[in-house]
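# Structural features, examined
Given next are the chains, with one letter for each unit.
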Amino acid sequence: MFAFLKTWKALQARGIMGINRRNADYVLKYNDRRLYPGVDDKITTKERALAAGIHVPDLYGVISTEKQISRLGAFIDARDGFVIKPAQGAGGDGILVITDRFEDHYRTVSGSLLSRADLEHQISSILTGLYSLGGHRDRALIEYRVKPDPIFRAISYEGVPDIRIIVLMGYPVMAMLRLPTRQSGGKANLHQGAIGVGVDLATGITLQGTWLNKIIRKHPDTTHAVDGVQLPDWAGFMALAASCYELCGLGYIGVDLVLDEEKGPLILELNARPGLNIQIANDCGLAHRTEAVERHLAELAQNGASENAEERVRFTQSLFGHVGP
Amino acid sequence: MRSLNLHLKILIAVLVLLGAGITGYQIFVLGIPVSEDETDDLWNIDAKVAFIATPNVPVKVQMYVPPLAHDFVSLNESFISNNYGVNVNRIDGNRKVTWSARRASGNQTLYYRLVLTKRYSQDKPKVKGPVFRDSVPLDGPEKVAADALLAPIRQHSADVETFIGETIKRVNNLNDDNVKLLLGGDSSPVHKARVIDLLLSVAHVPLERVHTLRLVANMPQVPELWLRSFNGNDWLYFNPETGEQGLPADRLIWWTGDDNLVAVEGGKKVLVSFTLNNSEMNAIRLAKLTDENTDADFLEYSLYSLPLQTQQTFMIMVMIPIGVWVILILRNLIGLQTLGTFTPVLIALAFRETQLGYGIALFSLITALGLSLRSYLEHLKLQMLPRLSVVLTFVVVMIATISLLSHKLGLERGLSVALFPMVILTMTIERLSITWEERGGGYAMKVAAGTLLAASLAHILMSVPQMIYFVFTFPAVLLILVGFMLAMGRYRGYRLSELIRFKAFTQDNEAGA
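As the structure is a prediction and not an experimental result, all values here were calculated from the model.

Criteria and cut-off values
Residues numbered from 1 in each chain as written. Chains lettered and ligands numbered in written order. Predicted model: local features only at pLDDT ≥ 70, side-chain atom pairs only at ≥ 80, totals over all residues. Heavy atoms only, no water. Helix = DSSP H or I, 4+ residues; strand = E, 2+ residues; numbered from the N terminus. Expected span 1.5 Å × (residues − 1). Buried < 20%, exposed > 50% of the residue type's maximum accessible area, 1.4 Å probe, protein only. Axes fitted to C-alpha atoms, helices over the stretch in contact; angles between N-to-C directions. Parallel < 35°, antiparallel > 145°, perpendicular 65-115°, else oblique. Left-handed = near helix turned anticlockwise from the far one by under 90°. Contact = heavy atoms within 4.5 Å. Nonpolar A, V, L, I, M, F, W, Y, C, P; charged D, E, K, R; others polar. Core = buried A, V, L, I, M, F, W, Y, C linked by side-chain atoms within 4.5 Å. Phe/Tyr/Trp six-rings, centres within 6.5 Å; stacked < 30°, edge-to-face > 60°. Lys NZ or Arg CZ within 6 Å of the ring centre and 35° of its normal.

Residues and elements named next belong to chain A. End to end, helix 7 (residues 234-248) covers 22 Å across 15 residues, agreeing with the expected 21 Å (1.5 Å per residue, within 8%). Among the residues making up helix 7, those that are buried are W234, F237, M238, L240, A241, A242, S243, C244, L247 and C248. Looking one or two residues past helix 7, G249 carries a phi angle of roughly 80°, positive in sign.

Structure follows, in structure tokens:
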């Protein structure tokens, strides 16, 4: 009991945010429920981003009824690689990544071969709502498969590494690089076994990593060091993340971005309830940073001022950046 | 945010105060017992009248029955007699039942049955009685003996009470020659009472015989004779043999006066025997039963005024918030992971049918079998709804098989699964299998174990009888519970699981320091 109290105090001193705190003080406070469909539905997010001129992976097609499954060929026949996703999926579930073809089969990112019937069954499952948040009917979207920048080859196992940035009222407060592992099956979700690596907000250089709530410095599959890697086009990532506030209107979000070798930084999806493992990856609590942003916002409100995305990025980079590796 | 917090605090305070206030009012003002263990004795008295009827003459049996003045409440009274007319009437504070028949022959048995309990109320009604009477004329040696006895009694007494007490003491001193003379060799209580009456009448002190029954179970009894006298305010009761004063609480006054208990015309060899037994009854139910006789208005607007069948449903229903509260604590304070939010509560309700250990075994067995079926169906690439239907049907068949097998093996418990909610099981299987595929077997097991743990805890808490009674009787405690839930709605602290999850931080700290 006493030990727990001690841990409690230590966590609080370091500004570690718990789920209850995140829900009560940030998610419920800054995220208006009416705006959730905008981020929960990836098709809506994509349409809005395109309208605002923000870079997202190309949309090949949307399937919303069983009948439309027969139109799958029209979307994928000319393409080797593509991704099938549930529009309202949660936690990366139900996503199928096809890298190329073999005969009349499709090769997934993990190397297994699927027939056309398998793809259609997957889409059918998506439509019935198997992967959607509330279990209700969903739509499937087929989109461009991101080809990860070669920089990640050494520290990633299959799949596409992505960058998660927590954004509070348009201020990016913490960033993390998520690296798929053999265990995560090519997916970049931490609870599935992917590695989270903290990223310095100012420079874009990676810090230590977290894997299954433990602190690590090497990728378990490639054994390359995950820290000290300079992410290319970091300014582009930060600008994209900061602009997401205007895009969706939600005050506290996790922005998932990828770096495509041809198209540069792209927004993959937005998350209205971003996870908390990013704190372990950065070896830093979220609460101190979010509180600092809230104080800054209160100051601005007093002066009747507001900042644009560029100024917001500069503010957080000056305050939270340049962390020693 | 601050005004919202204040709003919430006021709301919580109002709810808790309201809940505590109503519950306090029920307990302290209405006097509703706090636990079900508070029971009252319920007495079942059978008086059996047996006699031999004389053929060809009308039969008339008259027997005193308790007047039930104010100390006891009659819950049920019945006169069991074949072919006899029954008539009850009140005479001078006594009640008398008259059984009559045109003709009867042979052995006759009549029953009088009374179910009664002590009355709650403390206030005593005003009683009236005589304070003076004329003395019985005496002469000869009896007068001399009486005077000789009364002189020292007068000497040793101060008022009516002590006078009677002293008289009884003297009369019970059988070595006294005067007493011997008055008793005339018969020292039965009845005779003693007669002598006491005689002595007191000389002193103009009124006296009445009281015939009582002792409320004690399974003991053959005959009415016990007591004497009573009115002192202007109250009746004073005396035991004619010991001089003991005051009627013990377990005595029921059957009748007063000098007459015999039973009188038969047209019959002989009458014999009355009493059988008493008692049962305990919940004080609330008792109050409800005696509704007409007592002031049980407080039950008018409680759940107890519902029909019994509905009451039983509500007894389960009022416990659901308690189960939900357990889940709330387990999930938000401890951080236990469960399948779905309220699935554990539903499983806990299902455990009601099967009991805990058997329920867990059954749940695990059916879920395990269902999971293997589900993984087989996965290969067939079925759509969700048909697949769920197949699993559900399989669950039903499995439950039927288990019931049949356990019945053949003589395990009656197996039959209780009939109402084990199949839909809950099906959904559990479906969700568990999805979790298994996506998060791995280890995680699925963890979640399943968490669900079972939460369900078991909720079940255990939801089936504590004292708790069910308390919540059912004082539903206002649910308001307090809502207050707690509201407070939990803005709980910002860590979950117990997070203290373990983020342990990396503290270890790092210590290493650095």
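Next comes the rest of the write-up.
Turning our attention to the packing of helix 9 (residues 286-303) of chain A against helix 10 (residues 309-320) of chain A. Helix packing geometry: the angle between the two helix axes and the distance between the axes. All names here are of chain A. Axis separation between helix 9 and helix 10 bottoms out at 11 Å; the angle between their running directions is 135°. Between helix 9 and helix 10, the interaxial angle falls into the category oblique. Two packed elements cross with a definite hand, and for helix 9 against helix 10 that hand is right-handed. Here R289, A292, V293 and H296 of helix 9 lie close against helix 10, whose contacting residues are F315, T316, L319 and F320. For the contact of helix 9 with helix 10, a count of residues per class yields five nonpolar, two polar and one charged.

A word on the nonpolar core. Judged by nonpolar contacts, the single largest core of 69 residues is most densely connected at I165, L177, W234, Y252, L257, I267 and L286 of chain A. Ranked by the residues each element gives to this core, the list is headed by helix 7 of chain A, at nine residues. Ignoring anything within four residues of it in the chain, the contact list for L257 of chain A reads D162, I163, I165, F237, L240, A241, L266, I267 and L268 of chain A. If you look at the next biggest cluster of nonpolar residues, it comprises 32 residues, including F51, F72, L110 and L276 of chain B.

In this model, helix 1 (residues 2-13) of chain A (12 residues) spans 17 Å end to end at C-alpha, consistent with the 16 Å of a helix rising 1.5 Å per residue. With its phi angle positive at about 70°, G15 of chain A sits one or two positions after the end of helix 1 of chain A.

Moving on to the packing of aromatic side chains. Across all of its chains, the model carries 13 aromatic pairs over all chains by this definition. Relative to F237 of chain A, the ring of W234 of chain A has its centre 5.8 Å away and its plane inclined at 45°; by these criteria the two rings are tilted. Highlighted residues: W234 of chain A and F237 of chain A, both in helix 7, separated by three residues, approximately one helical turn. Comparing W234 of chain A with F237 of chain A shows no difference in burial state: the two are buried. Ring-pair connections join several aromatic residues into one group, and the members of that group are F79, W99, Y112, W254 and F274 of chain B. The residue whose ring lies beneath R79 of chain A is Y60 of chain A, and the NZ or CZ to ring-centre distance is 3.7 Å. Above the ring of Y144 of chain A, the side-chain terminus of K263 of chain A is found at 4.5 Å from the ring centroid.

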